[in-house]
Amino acid sequence: MPTMNIIQAVNSALRIQMTNEPKAIILGEDVGKFGGVFRATAGLFDEFGEDRVIDTPLAEAGIIGAAIGMAIYGMRPIPEIQFSDFIFPAFDQIVNELAKFRYRSGGQYPCPVVIRTPVGGGIRGGHYHSQSPEALFIHTPGLKVVLPSNPYDAKGLLLACLKQDDPVLFMEPKKIYRASRGEVPEGEYTVEIGKAKVVSEGEQVTLIAYGAMVDIIKDAAKKAAEIGISCEVIDLRTLLPFDIETITESVTKTGRAVVVHEAPKTCGFGAELASSLYERCLASLEAPIERVCGFDTPFPYSLEHEYMPNADRVLGAIRKTLEW
Amino acid sequence: MPTMNIIQAVNSALRIQMTNEPKAIILGEDVGKFGGVFRATAGLFDEFGEDRVIDTPLAEAGIIGAAIGMAIYGMRPIPEIQFSDFIFPAFDQIVNELAKFRYRSGGQYPCPVVIRTPVGGGIRGGHYHSQSPEALFIHTPGLKVVLPSNPYDAKGLLLACLKQDDPVLFMEPKKIYRASRGEVPEGEYTVEIGKAKVVSEGEQVTLIAYGAMVDIIKDAAKKAAEIGISCEVIDLRTLLPFDIETITESVTKTGRAVVVHEAPKTCGFGAELASSLYERCLASLEAPIERVCGFDTPFPYSLEHEYMPNADRVLGAIRKTLEW
Amino acid sequence: MNIKNPATVDSLELRRVLDDDGKVVAGAKVPEVSEKDLLRLFETMLMVRVVDERMMRIQRQGKLGFYMKSLGEEATHLSVFPLRDDDWIFPSYREQGAWFWRGYGIENFLNQLFGNRKDPTKGRQMPVHHSANWLNVVSISSPVGTQIPQAVGTAAAMKASGTDSVAMTFFGEGTSSTGEFHVGMNFAGVMKAPVIFVIRNNGWAISTSSERQSAAKSFACKAVGYGMPGIRVDGNDILAVIQASNEAVERARAGLGPTLIECVTYRIEGHSSSDDPSVYRNPAEPSLWEPKDPLNRMRAYLKNESIWSEGLEKEISDKYNDEITKYLAIAEAEPPPAVETLFDDVFQELPWHLKEQKEYLMQQARTKNPHLHNS
Amino acid sequence: MNIKNPATVDSLELRRVLDDDGKVVAGAKVPEVSEKDLLRLFETMLMVRVVDERMMRIQRQGKLGFYMKSLGEEATHLSVFPLRDDDWIFPSYREQGAWFWRGYGIENFLNQLFGNRKDPTKGRQMPVHHSANWLNVVSISSPVGTQIPQAVGTAAAMKASGTDSVAMTFFGEGTSSTGEFHVGMNFAGVMKAPVIFVIRNNGWAISTSSERQSAAKSFACKAVGYGMPGIRVDGNDILAVIQASNEAVERARAGLGPTLIECVTYRIEGHSSSDDPSVYRNPAEPSLWEPKDPLNRMRAYLKNESIWSEGLEKEISDKYNDEITKYLAIAEAEPPPAVETLFDDVFQELPWHLKEQKEYLMQQARTKNPHLHNS
Ligand SMILES: Cc1ncc(C[n+]2csc(CCOP(=O)(O)OP(=O)(O)O)c2C)c(N)n1
Ligand SMILES: Cc1ncc(C[n+]2csc(CCOP(=O)(O)OP(=O)(O)O)c2C)c(N)n1
Ligand SMILES: [Mg+2]
Ligand SMILES: [Mg+2]
């Protein structure tokens, strides 16, 4: 099996879809000859031509609006938003149109658009190349939200998204686009949407994260193990619908949980995960669920490393749940 | 003291600000001669002239963008977004610009813009005249979010917002724009931003809501009282920064809480309130905090009354916390 | 209050076929339209007028939550005349005639307005927000302008699929101020998409006059910025509307790309049943526009051509009045959609959280009481 | 790969004062600029070039995270020439010359690039995202185009305040595709706001050619859709740039409203230090544009006017090179902002949740270890 990084895994999934599905069409800023600023669409322009890999004018509302029009006509558009910080000009098209199209038309117009967009900090991009806006979309009925943490899941989840008929926001953890490497099958396979992965089992505290933060909780679990604390590590993978069963089961077992994300804490996805868990596991809980998140400030530049959750902060939270 | 409804209270606050603050300027769609589709700016065009009460072209991004430019130049703009469902075309200007301007410029450019917008369901408006997007803005660092439930608070809070220097999203509960009436001083006064109001004290369950849902929890408390359950009713009034002290104190006392909002449940503000409360009151909690919210569907038309939380559903949740 | 005079509107270049009396103006190119089609066009305009009037009446009686008329703008709807069934229409909320032309009948129309169990969109949206995928007419959205880049996407997909189908989208002049107008027009220009943009310039966007929407000489001239032709046409002149639309549809089918058409018309009544124009508009203004009434002008033309008769008009009008009476009774009697349908169509399948919420709602007392439904 | 040839760009109407050799073209109106100002203009352009080159070098050495040059576009920056200190500038990320002209020196420039404790914006943004309220130059945003309606708001506020100040905003041709461009231009037209829109058409938006941004004949012609004049000018011709800007600023000050200026120029290098244009652009293309280099053309003009000397040029270039050397050492040595400042300026005062978060962060081990700061 070849070794790939996340960019290569995404690229491989796209190539498979473009090959097998003649109605698949890629569009976005600089996705053509250039292959995208992160090179996720590299080679596809030459392989599939300018009619199926379309460099658009600079307008995110146009990219998503056009993708919607293509989808309701029967195509399978895969728009790219260059950075998720630039998704906001398309916010209305996404939350008021894409997400509601099937519903508002009484099921007449399904809208199978899979939006790809890099997300998160850690590349010294300041607040306009680092944001993690997933909570805004999880709160929007009608969208699925997926955010893998490694190349294998990235390819398998992307292929799964491309095969189903609901709109998806497929977010890619750009910090580890190249750093995360692993074995990935050359051919087609899918990873089920809506299923979390228990990365490693443990007894005392459940650590839950997604995307680039999965590496952080893995690290924290290792550090915790060194001082004799046993953690269960869960990679959520799909944020909506999130895998309530797996996390409930784990927290019922361990009685403690730490939820980690880069996005600001207040009204972040961690609040939903924690509330849902309390609703199901209150009797088993030995301590409040800890949230280790980005702070409620715009994402900074110079102090990026202070801003982002790290293994030490997660370890601190693990300890807090044990000492409560 | 005169009796006013919420529209009149808002109108009165605006008139006072326009009179006392020559830099105050109102802009939006149909706010001029027409006085706004809900008539909140009625009379101000005639009183203050077309240079200070500006009918803009139909573009929310332009309204907020222009307001930002006015604010950094030293004016005190008060833009109106006709329905909060139409705020999304301005989403980028609000979350990436307005909210971050002071921060990104190192404090050089404060941006005192107070955006007024009607919010919520109950007027048979379907999903495009009924949404409650407050969570999206609470999750955005740099914005204050205010949502009063009655004329007195509406006027006092709006005047408080207009006097301070941070950007505010001032949401108005349109369902009760006219139905909610009460005594309101003619002149100037303020209600402190960030302070909740204990509407009525109780012992067994804390009910927390804001905006139009305050009437619902009051009703539910009455129904609960009839069957011998004592509820404490809290009107949050400010959503960010929310009054953690008041709600913590109450839930520590009662040991049970029900949080109510119209917005969809998943990743709604209820999740944040619940998580914050668990973090502080876990030892006192006798049952999981119940969330009574809108469902995770687009806001419907015909089934509006099934969608919106009502006193019976709140009562059900109260019972559940007691029976747990 | 300033008054908007049709004379000043006419001062710019404006394509016309019929004068205010329904006579062909000197030198005008009359589009070829069969007698049968002429009658169908007239019937459709009359149908809109009959429906609008009846609907507003039942709205005023409190039976209907909301309605939007298009009195005086009916001819603009028939920009769809040259379209084939495989062409797609992306309407705004004020083109009933386009729906009727396409075959969307009174029955569906009323069921949607009442959001009842037979509403093709399952009671999901406010009145006048129809959707008919079997007719290739796309679901209407309240946020204005969002359909513009969508129409471009559909048109681009048509082109990519190798068909010569085209897409047509409608919107008001106020909507030309939105960002979506710009990005849609610009994408269409760059992609040479087979799409026709029809601006219904009816002078008003709720209370905002068209002069406050744009400082440009006309709305048609905005086409220049996108490298496409712009046509300014008398929108109350059915033959001029059809002529312009023919030309634009032909261009699009021939692979020559998009066209912008400005139909100059006038909103005789309020924005919607919730509006009161007397607050912001000179009450004398609408009467200035009455001589330009599109139905009167077409009637006069048909009379001159000896196609029209009073009997015929009465027949049409009776037919639709009868249909309305019949389907109104049915639509009113029909219950709202079943409560459990609230959760359908959010996704193709119900995820766990919606299953949970559905179960919860079905257990609530009020869902078991059918009488509470329309409270 | 298609090649973008300056000859085709020139084929449309294009205002010019200097030819490629720096000679005044026949019939051109030469704007009145004093000898002192001519030298300052030249000095500023040269300063940009010196700074750009040094910054890219230190970026390549790994000392700097990111940089954006504007080689070949320096003359367009000096559209700010006619502005007074009370006029406001809303730049994009590629107008260093506008900042330097205004008095924003090397010291601030470097401190911002390093995001250190002396950075006037407190290390909050990526390199090249300056802000200088004391100079009335507004904070740069990465999302392109957002500054356009903001500039209009400031201009409207100026007008409402009764001053004759004006606002000027810059952006690339790619940015003209955004919704913000449209809504800003449209508001300006309707409000008759004293604002000047300067499009730097440098042919590329990252890898996207200007022909894929717009099907219009030019970017200047987009002004038609907003009822304002549009001027297309050779952006590599400093005197033509100034002439156009003079005209637009005068109009705005006189209460005649906004103007759109398209400066036709060319992005000789990559989009930014992260870009590799050889992947998407014919490597021969930039060399076609070298004969139009704005600095060479101005130098030739000054030579002809006997204002320039080799000594003078060396003096200027040495001066800025020395300044860079001096302030670079300081900027590099300066520590990042103190950790506790992370929470400042979100609001005017810290609300409880930020107080809590600040306290928490200050207790974390790594904030107590200053060596970890720049890891
Ligand atoms: C994005 C958005 N903002 C505001 C509104 C509220 N609104 C509904 S219709 C309308 C005026 C539209 O005018 P125009 O485009 O001229 O169409 P007309 O009603 O005249 O047919 C406004 C402002 C909306 N529906 N969508
Ligand atoms: C809203 C938004 N979308 C995408 C980007 C990513 N991006 C940064 S610069 C750029 C190209 C801008 O081109 P142009 O406006 O021509 O300016 P130039 O770089 O040529 O000076 C793009 C797409 C962005 N910054 N903002
Ligand atoms: Mg209109
Ligand atoms: Mg460019």
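Predicted model, so just to flag it, every value in this text is computed and none were measured.

Cut-offs and rules
- Per-chain numbering applies: the sequence of each chain, read as written, is numbered from 1 onward.
- Whichever chain is written first is A, and whichever ligand is written first is 1; the rest continue in order.
- Local features in a predicted model are, by the rule used here, given only for residues with pLDDT of at least 70; side-chain atom pairs are given and counted only at 80 or more, and totals for whole chains, interfaces and linings are based on all residues.
- Note that water and hydrogens are dropped before the side-chain values are worked out from all heavy atoms of the structure.
- A helix here means a DSSP run of H or I that spans at least four residues, while a strand means a run of E at least two residues long, and both kinds are numbered starting from the N terminus.
- Using C-alpha atoms as the atom set, the radius of gyration is obtained and then compared with a globule rule of 2.2 Å times the number of residues to the power 0.38.
- Every residue pair with non-hydrogen atoms within 4.5 Å of one another is taken to be in contact.
- To be clear on the numbers: accessible area is Shrake-Rupley with a 1.4 Å probe, and residue cover counts the displayed protein chains and nothing else.
- As used throughout, the charge tally considers Lys and Arg to be positive and Asp and Glu to be negative, leaving His and the chain termini uncounted.
- Here the site of a charge means NZ on Lys, CZ on Arg, CG on Asp, or CD on Glu.
- Accessibility here uses a 1.4 Å probe with only protein chains present; expressed as a share of the type maximum, an area under 20% marks a residue as buried, one over 50% as exposed, and anything in between as partly exposed.
- Atoms are scored as donors when they are N, O or S and lie within 2.8 Å of the metal, with 3.2 Å used for Na, K and Ca; no water is included, so coordination may look incomplete.
- The pairing criterion is simple: DSSP has to find at least two bridges between the two strands.
- Axis angles are defined between N-to-C directions and span 0 to 180 degrees, where every axis is a line fitted to C-alpha atoms and, for a helix, only to the segment in contact.
- We superpose the copies by least squares over the C-alpha atoms of residues that have a pLDDT of at least 70 in both of them.
- Helices are assigned an expected span. That span is 1.5 Å times one less than the residue count.
- Take the buried residues of types Ala, Val, Leu, Ile, Met, Phe, Trp, Tyr and Cys, join any two whose side-chain atoms come within 4.5 Å, and each joined set is a nonpolar core.
- Accessible area that two parts lose when put together, evaluated with a 1.4 Å probe and summed over both, is termed the buried area.
- For this document, the term salt bridge refers to a Lys or Arg side-chain nitrogen within 4 Å of an Asp or Glu carboxyl oxygen.
- Think of it as three bins: nonpolar holds Ala, Val, Leu, Ile, Met, Phe, Trp, Tyr, Cys and Pro, charged holds Asp, Glu, Lys and Arg, and polar takes everything else, Gly as well.
- By definition in this entry, angles of less than 35 degrees are roughly parallel, angles greater than 145 are roughly antiparallel, angles of 65 to 115 are roughly perpendicular, and the rest are oblique.
- Should the near helix be turned anticlockwise from the far one by less than a right angle, the crossing is left-handed, and should it be turned clockwise, the crossing is right-handed.
- Any residue with a heavy atom positioned within 4 Å of a molecule or strand is treated as near that molecule or strand.
- Between N or O atoms, a polar contact is any pair within 3.5 Å; within protein, one atom must be a potential hydrogen donor and the other a potential acceptor, and residues adjacent in sequence are included only when both atoms are from side chains.
- Ring pairs shown here join Phe, Tyr and Trp side chains whose ring centres sit within 6.5 Å, with only the six-membered ring taken for Trp; geometry is labelled stacked below 30 degrees between planes, edge-to-face above 60, and tilted in between.
- Geometry is assigned from donor-metal-donor angles: four donors are tetrahedral when every angle falls between 85 and 135 degrees, four are square planar and six octahedral when opposite donors sit over 155 degrees apart with all other angles between 65 and 115, and any other arrangement is irregular.

Take the overall build of chain A next. Along its length, chain A carries twelve helices and 14 strands. Taking 2.2 N^0.38 as the reference for a compact globule, 324 residues should give roughly 20 Å; the C-alpha atoms of chain A span a radius of gyration of 19 Å, in line with that estimate. At a minimum sequence separation of 6, the contacts of chain A that also span at least 24 residues come to 82%. Here chain A displays about 8,200 Å² of accessible surface, and carbon together with sulfur accounts for 47% of that area. Separation of charge centres in chain A, based on 32 positive and 42 negative side chains, amounts to 1 Å.

So, on to the overall build of chain C. Each helix and strand in chain C was counted, giving twelve helices and seven strands. A compact globule built from 375 residues should have a C-alpha radius of gyration of about 21 Å, and chain C, at 21 Å, falls within 12% of that. Based on the C-alpha atoms only, the size of chain C along its principal axes is roughly 70 × 50 × 45 Å. In chain C, which comprises 375 residues, the share counted as buried stands at 65%. A separation threshold of at least 6 residues defines the contact pool for chain C, and within that pool the share at least 24 residues apart is 74%. Total accessible area on chain C is roughly 13,100 Å²; 49% of this is exposed by carbon and sulfur atoms. Of the charged side chains in chain C, 42 are positive and 49 negative; the average position of the first set lies 3 Å away from that of the second.

Residue and element names in this part refer to chain D. On the protein side, the magnesium ion (ligand 4) has E173 (OE), N202 (OD1) and W204 (O) as donor atoms, found 2.1 to 2.3 Å from it. Sequence spacing among the residues donating to the magnesium ion (ligand 4) works out to E-x28-N-x1-W. Note on accessibility: N202 and W204 belong to one class, buried.

Quick look at the sheet that holds strand β7 (residues 259-264) of chain C now. Residue and element names in this part refer to chain C. The parallel open sheet is built from five strands, whose spatial order is β1-β2-β3-β7-β6. Bordering the open sheet on either side are β1 (88-90) and β6 (230-234), each of which pairs with just one other strand. Going across the sheet, the axis of each strand differs from the next one's by a mean of 20°, ignoring polarity. Helix α6 (residues 147-160) rests against β1, β2 (167-172) and β3 (195-201) of the sheet, and its axis sits at about 170° to β2.

Superposing chain D onto chain C requires a rotation of 180° together with a translation of 0.0 Å along the rotation axis, leaving an RMSD of 0.0 Å. Both chain copies can therefore be described as sitting about a two-fold axis. Nearest to the rotation axis, the C-alpha of G179 of chain D is located 1.9 Å from it, this being the minimum over chain D. Here 100% of the interface residues in chain D have copies in chain C that are interface residues too; the copies meet face to matching face.

Here we come to helix α6 (residues 147-160) of chain D. The terminal C-alpha atoms of α6 of chain D lie 20 Å apart, and with 14 residues this matches the ideal 20 Å at 1.5 Å per residue to within 8%. Note on α6 of chain D: the residue one or two positions beyond its end, G162 of chain D, has a positive phi of about 80°.

All names here are of chain B. Pairing in this open sheet of five strands is mixed, and the strands run β9-β11-β10-β13-β14 from one edge to the other. The open sheet terminates on both sides in strands that have one partner only, identified here as β9 (197-200) and β14 (290-294). With direction set aside, neighbouring strand axes in the sheet form an average angle of 25°. Against the sheet, helix α9 (residues 244-254) makes contact with β9, β10 (205-209), β11 (231-235) and β13 (257-264), and its axis sits at roughly 170° relative to β11, the strand it touches most.

So, about the nonpolar core. In terms of nonpolar packing, the biggest core is built from 245 residues, with L207 and I318 of chain A together with L207 and I318 of chain B touching the most fellow members. Those residues within four positions of I318 of chain B in sequence are excluded, and the remaining contacts are V205, L207, A220, A224, I229, C231 and V258 of chain B.

Taken together, the 21 residues of chain D in the interface contact 21 residues of chain C. When residues of chain D are sorted by the area they lose upon contact with chain C, H182, V190 and A215 of chain D head the list and together hold 30% of the total. Inspection of the chain D/chain C interface yields zero salt bridges. Its residues assigned to classes, the side of chain D that touches chain C comprises eight nonpolar, eleven polar and two charged.

Residues and elements named next belong to chain C. The N-to-C vectors of helix α5 (residues 106-114) and helix α11 (residues 310-333) enclose an angle of 40°; their axes lie 9 Å apart at closest approach. For the element pair α5 / α11, the angle class is oblique. Along this stretch, α5 crosses α11, giving a crossing that reads as right-handed. Listed contacts from α11 to I106, E107, L110, N111 and F114 of α5 are Y320, E323, I324, Y327, L328, A331 and E332. Class assignment of the residues belonging to the contact of α5 with α11 gives a composition of eight nonpolar, one polar and three charged.

We now examine the site of ligand 2. Close to ligand 2 lie 20 residues, the nearest being E60 of chain A together with Y93, R94, T175 and W204 of chain D. Interatomic distance of 2.8 Å between a side-chain N/O atom of R94 of chain D and an oxygen atom of ligand 2. Measuring from an oxygen atom of ligand 2, one finds a side-chain N or O atom of H271 of chain D at 3.3 Å. Across the shell around ligand 2, the residue classes tally to eight nonpolar, seven polar and five charged.

With that settled, the discussion passes to the packing of aromatic side chains. Throughout the structure, instances matching the rule amount to 58 aromatic pairs over all chains. Pairing F242 of chain A with F269 of chain A gives two aromatic rings, centres 5.5 Å apart and planes at 70°, and the pair type is edge-to-face. With F242 of chain A in the loop between β12 (238-240) and α9 (244-254) and F269 of chain A in helix α10 (residues 269-281), this residue pair connects regions lying 27 residues apart in the sequence. Just as F242 of chain A is buried, F269 of chain A falls in that class too. Ring geometry for F295 of chain A versus F343 of chain D: centroids 5.3 Å apart, planes at 70°, classification edge-to-face. Pair noted here: F295 of chain A is in the loop between β14 (290-294) and α11 (304-307) and F343 of chain D is in the loop between α11 (310-333) and α12 (352-363), and the two residues belong to different chains.

Attention now moves to the coordination of the magnesium ion (ligand 3). Put simply, a metal with four donors set out as a tetrahedron has ideal angles of 109.5 degrees, and one with six donors set out as an octahedron has ideal angles of 90 or 180 degrees. Around the magnesium ion (ligand 3), the donor atoms from the protein are E173 of chain C (OE), E173 of chain C (OE), N202 of chain C (OD1) and W204 of chain C (O), and they sit 2.1 to 2.8 Å away. Each of the six donor atoms around the magnesium ion (ligand 3) contributes to a set of angles spanning 50 to 171°, which defines the coordination as irregular.

A separate point is helix α3 (residues 60-72) of chain A. Think of an α-helix as turning once every 3.6 residues; residues three or four places apart then point the same way. All names here are of chain A. Taking 1.5 Å as the rise per residue, α3 with 13 residues should run 18 Å; its terminal C-alpha atoms sit 18 Å apart, in good agreement. α3 sits mainly inside the fold: 13 of its 13 residues count as buried. Note on α3: the residue one or two positions beyond its end, G74, has a positive phi of about 115°.

This part takes up unusual backbone geometry. Residue P241 of chain A follows L240 of chain A across a cis peptide bond; omega there is -5°. Counting through the fold element by element, P241 of chain A comes out in the loop between β12 and α9. Of note in this structure, R39 of chain A is not a glycine but carries a positive phi near 70°. Among the secondary structure elements, R39 of chain A is positioned in the loop between β2 (24-28) and α2 (44-48). Overall, the relative accessible area of 29% leaves R39 of chain A in the partly exposed class. Phi is positive for S306 of chain C, close to 60°, though the residue is something other than glycine. By the element assignment, S306 of chain C lies in the loop between α10 (294-304) and α11.

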